[in-house]
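# Examining the three-dimensional arrangement
Here's the letter readout for the chains.
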Amino acid sequence: MRLGWMRGLALALAATVMFLYVTSVKKEVWANEEHLHQAQKELSVISKEILQRLKEIESHAQVIARHSAVMKREIKAAENLFPNSRLFKMWHPELSEGEQREAEELFQKYGYNVFLSDRIALDRVLPETRDHRCLTKKYPSDLPTISVVLIYLDEALSVIKRAIYSVINRTPAHLLKEIILVDDGSTNEDLQEKLNVFISVIHESKPGLLKKVRYSEPKGLTQARISGWAAASGEVVAIFDAHIEVHVGWAEPLLVRIKSDRKLVLSPVFDKVNFHNMKVSPYPAAAHGFDWSLTCRYEYFSQEWYKLNDQSLPAKSPSVMGILVVDRLFFGEIGALDAGMNTYGGENVELGIRVWSCGGSIEIIPCSKVAHIERAHKPYARDLVALMKRNALRVAEVWLDEYKFNVNAAWNVPRDHGIDIGDVSERKRLKEKLQCKSFKWYIDTVYPRLRSQDELLGYGVLINSLRTDLCIDQGVLSANTPILYACHRMFSQTCNYRKTGEISVGQSAVQEGRCLVDPGSGRLPSFDKCSKLLHKYWDFKQGQSIKNRDTGRCLEIDIGQNGYYQLYIQNCSGQNWTIQYVIKDF
Ligand SMILES: *[C@@H]1O[C@H](CO)[C@@H](O)[C@H](O)[C@H]1NC(C)=O
Ligand SMILES: *[C@@H]1O[C@H](CO)[C@@H](O)[C@H](O)[C@H]1NC(C)=O
Ligand SMILES: [Mn+2]
């Protein structure tokens, strides 16, 4: 019984345990089920959340896309930040507004793309632009030594560094005597301490190679060139602007010529570096000449040179523009440059005439190439034209003898112009001392092309006595028809009357020339090239009629259909004309 109780108790216990166990298992299962349920719930929440997030991401992406479209549009709008800038008309990089402002500011300051120059290699490789025959020429190694003068006024530091690297890397080390930096009064801070640091870095491997001449204020290009030359000690001096890069093999073809004739003044051939994208493109070799305003211009070489059919050969040139390479002592003997020139213009032409007339000669060397940045604007004084006129009249006074009035005519100033050209007595003494030949000799022998302006009788405005407030004017160039216009006496109204009977009008009077012609029919006069022969000769005496030699008709004025006076060609009615300045009576 006792056992029965015990058994009963044990059974009850077992049953309880069993119950508890089952309950707990059940609970666990329930719990698991619940977990599962929970997990499912959570999963669905999560997946909902993921979907939600995805949606959010999607809408974010849409927002980003919209933003980037807006930004792109903003960048596009920023391209128009400086729509009138010469830089951004030519150059279309993807720049932020801030970068554009920086680039434009630098461009305004320097006249070329400094923003880009600061970002391209200082020792960049230039494209090969030389004639293929230049590449195989051999030069002796015992050539004269050369000093390279680099002149600058507020040039960009990266441009100067690039010029220096090009000279060091592309000139045989045993021939490169030195590089002389002439600072013509820059105010740019980069060109003080930073340039000095650069110089000392170069001097670690090439002690003393770089020398610096500095003016505290601008003395002008001519002074700067003279002082660069005076500071040089090499046998040959190359006088360059600092916005250049010399090409591979630039020095040897120059030095070999000067070694053979120390009285040669040479110029390499420039390649053009665009002011906007800094890319280099070749120019064909050309002679350096000038017109009667004594402004430099490119010319063809002589026919003989072209007949040789070898573009690698040196060619004679009437003058030299800007860049020049010369025997250092010979340059001194012939009077270097005229220190009486102001700021800019005239000095090259003066040198050209003097070198030839006083026993030397000038050559362009096509195998020697120098890439030169063509600035969009110059850093010198605003009124360059007045300075160029003054310098041209100075050159004329010393060197042009009886031809000097051609220069007055080109600038449309009277014979006695009264413009202060400075003291020329020292220059005239030099001309005598060197026993230089006449300007007539120079024209006949060196520069026959200049003769087209020969035998000028009168120049200036042409006025009809019926209306003395009206002048003959070149009119719209493309219309090719001279007109009557209120007198302002500027270039478009400057006429030339020559002994040949030609009348040229306007800007072209200085250049090749557009001559007034009677087309033979109709009432309107027109222009044609002076080199053509059609009806271009006129009989004219000061204060009398202007009558065409071929057609017998006269240049006259008459009231046109619009009620205003017009320029006509018609049967002569006895109208009279006066030209402003007379060189020789006619
Ligand atoms: C111009 O003169 C010519 C010859 O003298 C004559 O035949 C012609 O009719 C004249 N023309 C005018 C418009 O008077
Ligand atoms: C032109 O000059 C002459 C004298 O040379 C004169 O007789 C004539 O009247 C003048 N003609 C005109 C339109 O003034
Ligand atoms: Mn230049």
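One can find the structure itself at the top, above this paragraph.
Here is a short report on the structure shown in this document.

What counts, and at which threshold
Residues numbered from 1 in each chain as written. Chains lettered and ligands numbered in written order. Predicted model: local features only at pLDDT ≥ 70, side-chain atom pairs only at ≥ 80, totals over all residues. Heavy atoms only, no water. Donors = N, O, S within 2.8 Å, 3.2 Å for Na, K, Ca; no water. Helix = DSSP H or I, 4+ residues; strand = E, 2+ residues; numbered from the N terminus. Buried < 20%, exposed > 50% of the residue type's maximum accessible area, 1.4 Å probe, protein only. Contact = heavy atoms within 4.5 Å. Salt bridge = Lys/Arg side-chain N within 4 Å of Asp/Glu carboxyl O. Disulfide = S-S within 2.5 Å. Pairing = 2+ DSSP bridges. Phe/Tyr/Trp six-rings, centres within 6.5 Å; stacked < 30°, edge-to-face > 60°. Lys NZ or Arg CZ within 6 Å of the ring centre and 35° of its normal. Near = heavy atom within 4 Å. Polar contact = N/O pair within 3.5 Å; in protein donor to acceptor, adjacent residues only side chain to side chain. Areas by Shrake-Rupley, 256 points an atom, 1.4 Å probe, with all protein chains shown as cover. Core = buried A, V, L, I, M, F, W, Y, C linked by side-chain atoms within 4.5 Å.

## Observations concerning the coordination of the manganese ion (ligand 3)
Listed as protein donors to the manganese ion (ligand 3) are Asp 241 (OD), His 243 (NE2) and His 372 (NE2); their distances from the metal cover 2.0 to 2.3 Å. Mapping the donors of the manganese ion (ligand 3) onto the primary sequence gives the spacing D-x1-H-x128-H. Here Asp 241 is found in strand S4 (residues 236-241), whereas its partner His 372 is found in strand S12 (residues 361-373), with 131 residues between them in sequence. For His 372, a relative accessible area of 14% gives the class buried.

## Some thoughts on unusual backbone geometry
Phi is positive for Leu 294, which is not a glycine, with a value near 60 degrees. As for its position among the elements, Leu 294 is in the loop between strand S8 (287-290) and strand S9 (296-299).

## Some thoughts on the environment of Asn 480
Considering the arrangement of structural elements, one finds Asn 480 in the loop between strand S14 (470-473) and strand S15 (483-486). Relative accessible area serves as the criterion here: at 30%, Asn 480 is assigned to the partly exposed category. For the pair Asn 480 and Ser 526, spaced 46 residues apart in the sequence, the C-alpha separation amounts to 5.9 Å. Among all residues touching Asn 480, those that are not within four sequence positions of it are Arg 514, Ser 526 and Phe 527.

## Comments concerning the pattern of salt bridges
Oppositely charged side chains can form a pair if their charged atoms are brought close together. Across all of its chains, the model carries 33 salt bridges by this definition. Between Lys 440 and Asp 444 there is a salt bridge, with its nearest N and O atoms 2.8 Å apart. Of this pair, Lys 440 and Asp 444 both sit in helix H15 (residues 439-445), four residues apart, which is roughly one turn of the helix. Here Lys 440 falls in the partly exposed class, since its relative accessible area comes to 40%. Connected through shared salt-bridge partners, Asp 338, Glu 350, Arg 354, Arg 394, Glu 426 and Arg 427 make up one network.

## Quick word on the state of the cysteines
Counting across every chain of the model gives four disulfides. Shown here is the disulfide that connects Cys 358 with Cys 436, its sulfur atoms set 2.0 Å apart. Since a negative S-S torsion denotes a left-handed disulfide, the Cys 358-Cys 436 link at about 105 degrees is right-handed. With Cys 358 in the loop between helix H11 (347-357) and S12 and Cys 436 in the loop between helix H14 (425-433) and H15, the pair connects residues that are 78 residues apart, well separated along the chain. For the residue pair Cys 358 and Cys 436, the accessibility class agrees, reading buried in each case. Two residues, Cys 471 and Cys 487, share a disulfide whose sulfurs are 2.0 Å apart.

## Quick word on the pairing of S9
Bridge count between S8 and S9: four bridges; the pairing is antiparallel. Of the residues in S9, the one forming a bridge with Gly 289 is Arg 297. In this structure, the hairpin formed by S8 and S9 is closed by a connection of five residues, where Leu 294 is found at a positive phi of approximately 60 degrees.

## A word on the packing of aromatic side chains
Describing an aromatic ring pair means giving the distance of the ring centres and the angle of the ring planes. For the structure shown, the criterion picks out 24 aromatic pairs. Ring-pair connections join several aromatic residues into one group, and the members of that group are Phe 290, Trp 292, Tyr 403, Phe 439, Tyr 442 and Tyr 447. When the ring centre of Phe 405 is taken as reference, the NZ or CZ atom of Arg 415 above it lies at 4.0 Å. Sitting over the ring of Trp 441, Lys 437 keeps its end group 4.5 Å from the ring centre.

## Describing the site of ligand 2
Around ligand 2, the surrounding shell consists of Ser 465, Gly 574 and Asn 576. In this structure, Gly 574 approaches ligand 2 through a main-chain N or O atom, which is 3.0 Å from a nitrogen atom. Expressed as a share of its isolated accessible area of 360 Å², the protein-covered part of ligand 2 is 37%.

## Things to note about the environment of Ala 486
Summarising the element assignment, Ala 486 is placed in strand S15. Among the residues examined, Ala 486 registers a relative accessible area of 45% and is labelled partly exposed. For Ala 486, the contacting residues outside a window of four places in its chain are Asp 469, Leu 470 and Gln 493.

## Notes on the nonpolar core
Within the largest apolar cluster, 52 residues are counted, with the highest numbers of intra-cluster contacts made by Trp 292, Phe 331, Ile 353, Leu 400, Val 407 and Phe 439. Per element, the largest residue contribution to this core is six residues, and it comes from helix H12 (residues 384-399). Once residues within four sequence positions are removed from consideration, Phe 331 is found in contact with Trp 229, Ile 239, Leu 324, Val 326, Ala 336, Leu 337 and Leu 351. In terms of nonpolar packing, the next biggest core, distinct from the first, is built from 40 residues, Val 148, Ile 202, Val 236 and Leu 264 among them.

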